[in-house]
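Structure at a glance
Spelled out from the first residue to the last, the chains are:
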Amino acid sequence: MQSTDIYFLYRSTPHKSEPPRSTLPYLPPELWNLILRHATSSFSDSPRTVSFLSLAHSHCHLHRRLANYRATMRTKADLTLVCKDWHTYAQDVLYESVWISCASEARSLALALTGTGVSAHSGKFIRHLHIETPTLERCDPADLRTILDSAPRLEVYSDYRSVRRNGYNEKSDPRSTPRELLSTLAHPNNSLRRLSWTNYDDVSFHLHMSPMLETTTANLEFLELTFCSTHLQASCSVETLFTPEAITLTFPALRSLKVTLDNDTFAVLATWTMPSLRNISVLSADFSYASSGFSQFFRVHGPKLTQLEFGHSSSTIEEHYLTQPPATNTPQPFSIPLAAWCPNLVEFICSADAEWNWQHPDWIAPHVLLPTHPSLQLIGIRDIDKRLREDDGAQEQRYFGLLEQIGSLLQRDAFPSLRYIRDMSWESDKMRRGVGDVYVTDNGSAMSRFGLLSRMRRQGLDEEEPLVSRETRQVLKFWESVLARCRAAGVWLEDHAGVNVTMRDLRRAEAGKGAVGGGRVEFGEGC
């Protein structure tokens, strides 16, 4: 037998049989979709009621939230590569929530949805469209119009001042005007539950927005309106606000409203019917807190409210009225009867940025517009971390102002029903657990660490010496004083997640164990 015959004889010898390949168990596609959602922590059913206690301001912690979103998207993309079946099942999860963070991403998504590649016709899976970009990376409205045309099943649309306006010499696409974009959102197939809309043109929104919103009001549960133009007063007078073109809208399911508007536009919102409204966040674009439109809005809708937040802090409002005094016939904002207009308030959110009032030197109100309220049970405080970083003073006097400010909330004369004070800053929670930074020196050359001492600094320390930095001990001492005052007043102190802060937590942080068991920090779409 020749060698070639031996070779073929050897090749023809049957090999040992391989075990059968494992296959995926048969499950309905709906169950696979649910499994993939759990694997990526992606759920289309967001909370039915948007509470501002859990909703951060736009552009708050942008880089951290964006990093969290991209990490989630990488996990989703990896799951599509497991097998052909998972590639099919994961398309819904992959495109369900889309965040556009720069102009180039909007252009790429528009081309992908209208092209012939694997992403073509994937717009039908988009449920949440979130547009939040840096100021210099705003999206082209033409790209956004293409995306909206390709996504006819939207439930959440959020634009945080991230769509580029056309220049003076730039010819605008008639399909990409604000009116046309809003008309596209009002597509019959869309069932919008949450809408964050920014008005960019110089025409008051009610002249073109009200007719478009009329088709989407049935299911809308959260509405955020931001007015960017600075020329409203020149283009719109009070007499034109209540013309026949200004349609009075009815929002039967709307429970949360966030507005950044001026006095005249507040008057328009006073004509809307919102029977289910409970939560509102207000920022007056022209500081017209004592004007007729603002007061008319709260006289109409105030009795329904249980949660209220003011975007401007007390010190910002006071500084504005000191530097730009209103007309003589305009009342001061410090005397408006907001507590009488909102008698059923239960939760109030304010900023830690408050100033001493020389008229009441022994008491600092949480907000100049709401110094007292009989039924308030919870006060949430934002930006405590900024005060912890920026407050100066000697070691024994540091944070004295902030301590007295929080202590003023515990006075039963002002808030007889108060039960909870919530620190709404997750950075402050990290400082309280000893895992955050306190401040950076002016020249940026050194940083004072808030947390555990470095390994090099811990070498040679006795067992009785502290393992945390001096800044940590100062802040822990501050929170011990706050906690003692809250206990004496029968008030619970909570962190940003609503978990009670206890003396045991402070002792663990002092022992260098505050990072263990800390609350989870999430950066969701609404942040």
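Before reading further, recall that the structure is shown in the block above.
Read on for an overview of the structure.

1. Overview of the overall build of the protein chain
The secondary structure content of the protein chain amounts to 19 helices and 14 strands. Burial statistics for the protein chain: of 527 residues in total, 48% are counted as buried. Within the protein chain, contacts between residues separated by at least 24 positions form 76% of all contacts whose residues are at least 6 apart in sequence. Split by element, the accessible area of the protein chain, about 27,000 Å² in all, is 53% carbon and sulfur.

2. A look at the environment of Ser191
Structurally, Ser191 can be placed in the loop between α7 (178-185) and β4 (194-199). Spatially, the C-alpha atoms of Ser191 and Thr215 are 9.9 Å apart, while their sequence positions differ by 24 residues. With residues up to four places along the chain from it excluded, the contact list for Ser191 reads Leu154, Glu155 and Asn219.

3. Section: the pairing of strand β8 (residues 307-310)
Regular strands place their side chains on alternate faces of the sheet. The alternating pattern of β8 places Gln307 and Glu309 on one face and Leu308 and Phe310 on the opposite face, and all of these are buried. Looking at chain direction, β8 and strand β9 (residues 347-351) are connected through three bridges and run parallel. Considered in β9, the bridge of Glu309 is made with Ile349.

4. Regarding the nonpolar core
Counting residues in hydrophobic clusters, the biggest one holds 97 residues, and the most contacted among them are Leu129, Tyr157, Trp272, Phe298 and Ile421. Ranked by residues supplied to this core, first place goes to helix α18 (residues 470-489) with seven residues. Formed by seven residues, the second largest nonpolar core is a distinct cluster that contains Val50, Phe52, Leu378 and Met424.

5. Digging into the packing of helix α2 (residues 29-40) against helix α4 (residues 84-96)
Helix-helix packing is described using two parameters, namely the angle between the two axes and the distance between the axes. Contact geometry for α2 and α4: axes closest at 9 Å, N-to-C directions at 55 degrees. In terms of orientation, α2 lies oblique with respect to α4. Handedness of the crossing formed by α2 with α4: right-handed. Packed against α2, whose contacting residues are Pro29, Trp32, Asn33, Leu36, Arg37 and Thr40, the element α4 presents Trp86, Tyr89, Ala90, Asp92, Val93 and Glu96 at the interface. Residue composition of the contact of α2 with α4, grouped by class: seven nonpolar, two polar and three charged.

Rules behind the numbers
- Residues numbered from 1 in each chain as written.
- Predicted model: local features only at pLDDT ≥ 70, side-chain atom pairs only at ≥ 80, totals over all residues.
- Heavy atoms only, no water.
- Helix = DSSP H or I, 4+ residues; strand = E, 2+ residues; numbered from the N terminus.
- Buried < 20%, exposed > 50% of the residue type's maximum accessible area, 1.4 Å probe, protein only.
- Contact = heavy atoms within 4.5 Å.
- Areas by Shrake-Rupley, 256 points an atom, 1.4 Å probe, with all protein chains shown as cover.
- Pairing = 2+ DSSP bridges.
- Core = buried A, V, L, I, M, F, W, Y, C linked by side-chain atoms within 4.5 Å.
- Axes fitted to C-alpha atoms, helices over the stretch in contact; angles between N-to-C directions.
- Parallel < 35°, antiparallel > 145°, perpendicular 65-115°, else oblique.
- Left-handed = near helix turned anticlockwise from the far one by under 90°.
- Nonpolar A, V, L, I, M, F, W, Y, C, P; charged D, E, K, R; others polar.

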